[in-house]
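Survey of secondary and tertiary structure
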Amino acid sequence: MRFTKTAALAVVANTVQAQRPENTSICDYYTTALLKDNTADNQATLLTLIVNTVVIGNYTQPNVGVAVAGILAPGKYNGTDVNLLPYFTGDLASSNRGGDKGVSVNFLDDGGAEPLKNNKPANTQSSSQYFLLTHLYQFFGSLLGCSQQGMPGFDAYNGHASMYEVHKFMALDPYEVGYFITQVGLTAASFGVADSDVQAVGTALTTLFDYRCAPPTTVIPAQGAQLQSICTEDTCPLAENSTCSSYEPVVEPSSVSSSASSTYPTPSGTVPPGSYPATPVPTGSGGTGSSNATTSSYTASSPTAIPTAGAASNGFGLVAAAAGGIAAFLL
C-alpha cells in the first residue's frame, strides 16, 4: 500500500466518547469512526496508523492530547527502567530463526522511523523491517476483529501461530511486556478510543502474553490453540492452569558487537540502537523506494497533520477530535 497525506481538515472536538455496540468489533467500529467506510483498505490504514504509533510514538497531529512515547523509546514501567530498543536493531541475539539460541537481526534496516512517519512499514518490500511491520499490522488486525481482513487491500495474518516461539529467545520480564502493552493502550487512547475499549485491548494482551507458562490459546482462529506466553522470566506471574513443561528453559539473549554506531530518533529525542525477535514473512502491500541500510540513523521530522472524513460527520466525540490527526490517503 502506498500512502500520501492531504491537507488537514478542521478538528471537531467534543467531550463525550461514543459507545461501541457489543456486536461490532473494535476494528470495524473505529474504522468507520475515523475513516468513514469500513473497507479492507481503510482497516489496513487504521492498523498502519495504530502500529506505527505504538512503535515510534505520536507522529500525527493533532490527536486528543495523549502522549505516546513508543516502544522504541526508553521508559519506566511500575518504577522500573525499560529499554526495548536493543531487541530491534540487532544488538541482541534475540531472534528465533530455528536452533537452540537466538540470532541477531536488525529490524530497523529499511528507513527506520522515516517511512513509519509517512504511514508506510518500510522503504522497500524486501527488508526485515517491512516483514516485521506488515506482520504486526496483520496480527493486530486479527486481534481487533477486522471483518474485512483477508479481502483485497488487507491480507490475513499467515505468520507464526505461536507468539512464544517468536519471542522465546528474548527472555522478556513483566516490566518489558507491561511497557509494550501500555504503549498499545496509550496509542488507542491517543486516537480517541473509548476507555472501555482501551481496557478491553489491554486486558486481552495481558491475558494472552503477560503470564508465564500459559496453556495453548487460540489467537488466530485458523491457526488453532498455540503457546502464546511471551513473558517467560521467573518474575512473570504464573498463569492459571499453567503448563510449564510445555515451555523450554529460558535462554537469555547475548549482546552482539556492532560494527557501526547508530541512533534512533523518536518524535521527541534520540536514543541508542537495538533489535527484535523473529517474525514471519507475511504477504501484503507496503512501501516503495529503495534502501540498503543495515543500521539505523535517521533525522526526526515534524509531526504529520493528517485528518479523515469519517468522525466529524458521524458524531464520534473525542474520536472526531482524533480525526484531525489521522490521514486521508491516496491508495
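Look up: the structure comes first, before these words.
Summarised in this report is the structure supplied together with it. For clarity, every value in this text was computed on a predicted model and none was experimentally measured.

Thoughts on the overall build of the protein chain
Assigned secondary structure in the protein chain consists of nine helices and eight strands. Out of the 331 residues in the protein chain, the part that is buried amounts to 54%. Partitioning the contacts of the protein chain with sequence separation of at least 6, the portion at a separation of at least 24 is 71%.

Comments concerning helix 1 (residues 26–35)
With nine of 10 residues buried, helix 1 is to be regarded as a mostly interior element. Among the residues of helix 1, those classed as buried are Ile 26, Cys 27, Asp 28, Tyr 29, Tyr 30, Thr 31, Ala 33, Leu 34 and Leu 35. Immediately beyond the C-terminal end of helix 1, within one or two residues, lies Lys 36, with a positive phi of roughly 75°.

Let's talk about the nonpolar core
Counting 65 residues, the largest nonpolar core has Leu 47, Phe 88 and Phe 140 as its most contacted members. Secondary-structure elements contributing two or more residues to this core are helix 1, helix 2 (40–56), helix 3 (113–117), helix 4 (128–143), helix 5 (163–167), helix 6 (174–190) and helix 7 (195–209). Residue contributions to this core peak at 10 residues, all from helix 2. Within the second largest apolar cluster, six residues are counted, among which are Cys 213, Ala 214, Leu 227 and Ala 239.

Description of the state of the cysteines
For the structure shown, the criterion picks out three disulfides. Here Cys 27 is linked by a disulfide to Cys 146, with a sulfur-sulfur distance of 2.0 Å. Negative torsions about the S-S bond denote left-handed disulfides, and the value of about 95° found for Cys 27 with Cys 146 makes this one right-handed. Of this pair, Cys 27 sits in helix 1 while Cys 146 sits in the loop between helix 4 and helix 5, and the two are 119 residues apart along the sequence. On the accessibility criterion, Cys 27 (1% relative accessible area) is buried. Through a disulfide, Cys 213 is tied to Cys 244; the S-S separation comes to 2.1 Å.

Details of the packing of helix 2 against helix 4
Following both chains from N to C, one finds helix 2 and helix 4 inclined at 120°, their axes separated by 9 Å at the closest point. Handedness of the crossing formed by helix 2 with helix 4: right-handed. For the pair formed by helix 2 and helix 4, the contact residues are Leu 47, Thr 48, Val 51, Asn 52 and Val 55 on the first element and Leu 133, Leu 136, Tyr 137, Phe 140 and Gly 141 on the second. For the contact of helix 2 with helix 4, the class distribution of residues is seven nonpolar, three polar and no charged.

Here's the deal with the packing of aromatic side chains
Under the criterion given, the structure shown has six aromatic pairs. Ring centres of Tyr 29 and Tyr 30 lie 4.8 Å apart, and the angle between their planes is 90°; on these two criteria the pair is classed as edge-to-face. Residues Phe 139 and Tyr 157 carry aromatic rings whose centres are separated by 5.3 Å and whose planes lie at 75° to one another, so their mutual orientation is edge-to-face. Pair noted here: Phe 139 is in helix 4 and Tyr 157 is in the loop between helix 4 and helix 5, with a separation of 18 residues, a long-range link. Chaining the aromatic ring pairs together yields one cluster made of Phe 139, Phe 140, Tyr 157 and Phe 209.

With respect to the environment of Ala 93
Note that Ala 93 resides in strand 3 (residues 92–93). For the pair Ala 93 and Val 256, spaced 163 residues apart in the sequence, the C-alpha separation amounts to 6.4 Å. Sequence-distant contacts of Ala 93, that is, excluding residues within four places in its chain, are made with Gly 102, Val 103, Ser 104, Phe 169, Pro 253, Ser 254 and Val 256.

Some words on the packing of helix 6 against helix 7
Orientation of helix 6 relative to helix 7, taken along the N-to-C sense of each, is 160°, at an axis distance of 9 Å. Considering their axes alone, helix 6 and helix 7 lie roughly antiparallel with respect to each other. Helix 6 and helix 7 meet at a crossing whose hand is right-handed. Along its contact with helix 6, which presents Val 177, Ile 181, Val 184, Gly 185, Ala 188 and Ala 189, the element helix 7 presents Val 198, Val 201, Gly 202, Leu 205, Thr 206 and Phe 209. Of the residues belonging to the contact of helix 6 with helix 7, the class tally is nine nonpolar, three polar and no charged.

Structural notes on the pattern of salt bridges
Scanning the entire structure with this criterion turns up five salt bridges. In this structure, the salt-bridge partner of Lys 76 is Asp 81, at a minimum N-O distance of 2.5 Å. Taken individually, Lys 76 and Asp 81 each receive the classification exposed, so the pair is uniform in this respect. Here Glu 114 ties to Lys 117 by a salt bridge, and the two come within 3.0 Å at their closest N and O atoms. Within this pair, Glu 114 and its partner Lys 117 are both found in helix 3, separated by three residues, close to a single helical turn. Take Glu 114: its relative accessible area is 24%, and that puts it in the partly exposed class. Looking at Lys 117, the relative accessible area reads 6%, which means it is buried.

Things to note about unusual backbone geometry
Although it is not a glycine, Asn 119 sits at a positive phi angle of roughly 65°. The exposure class of Asn 119 is buried, given its relative accessible area of 2%. Here the phi dihedral of Ala 171 falls at roughly 55°; this positive angle occurs in a residue that is not glycine. By secondary structure assignment, the location of Ala 171 is in the loop between helix 5 and helix 6. Given the relative accessible area of 3%, Ala 171 is considered buried.

Reading guide: rules and limits
- Residues numbered from 1 in each chain as written.
- Predicted model: local features only at pLDDT ≥ 70, side-chain atom pairs only at ≥ 80, totals over all residues.
- Heavy atoms only, no water.
- Helix = DSSP H or I, 4+ residues; strand = E, 2+ residues; numbered from the N terminus.
- Buried < 20%, exposed > 50% of the residue type's maximum accessible area, 1.4 Å probe, protein only.
- Contact = heavy atoms within 4.5 Å.
- Core = buried A, V, L, I, M, F, W, Y, C linked by side-chain atoms within 4.5 Å.
- Disulfide = S-S within 2.5 Å.
- Axes fitted to C-alpha atoms, helices over the stretch in contact; angles between N-to-C directions.
- Left-handed = near helix turned anticlockwise from the far one by under 90°.
- Nonpolar A, V, L, I, M, F, W, Y, C, P; charged D, E, K, R; others polar.
- Phe/Tyr/Trp six-rings, centres within 6.5 Å; stacked < 30°, edge-to-face > 60°.
- Parallel < 35°, antiparallel > 145°, perpendicular 65-115°, else oblique.
- Salt bridge = Lys/Arg side-chain N within 4 Å of Asp/Glu carboxyl O.

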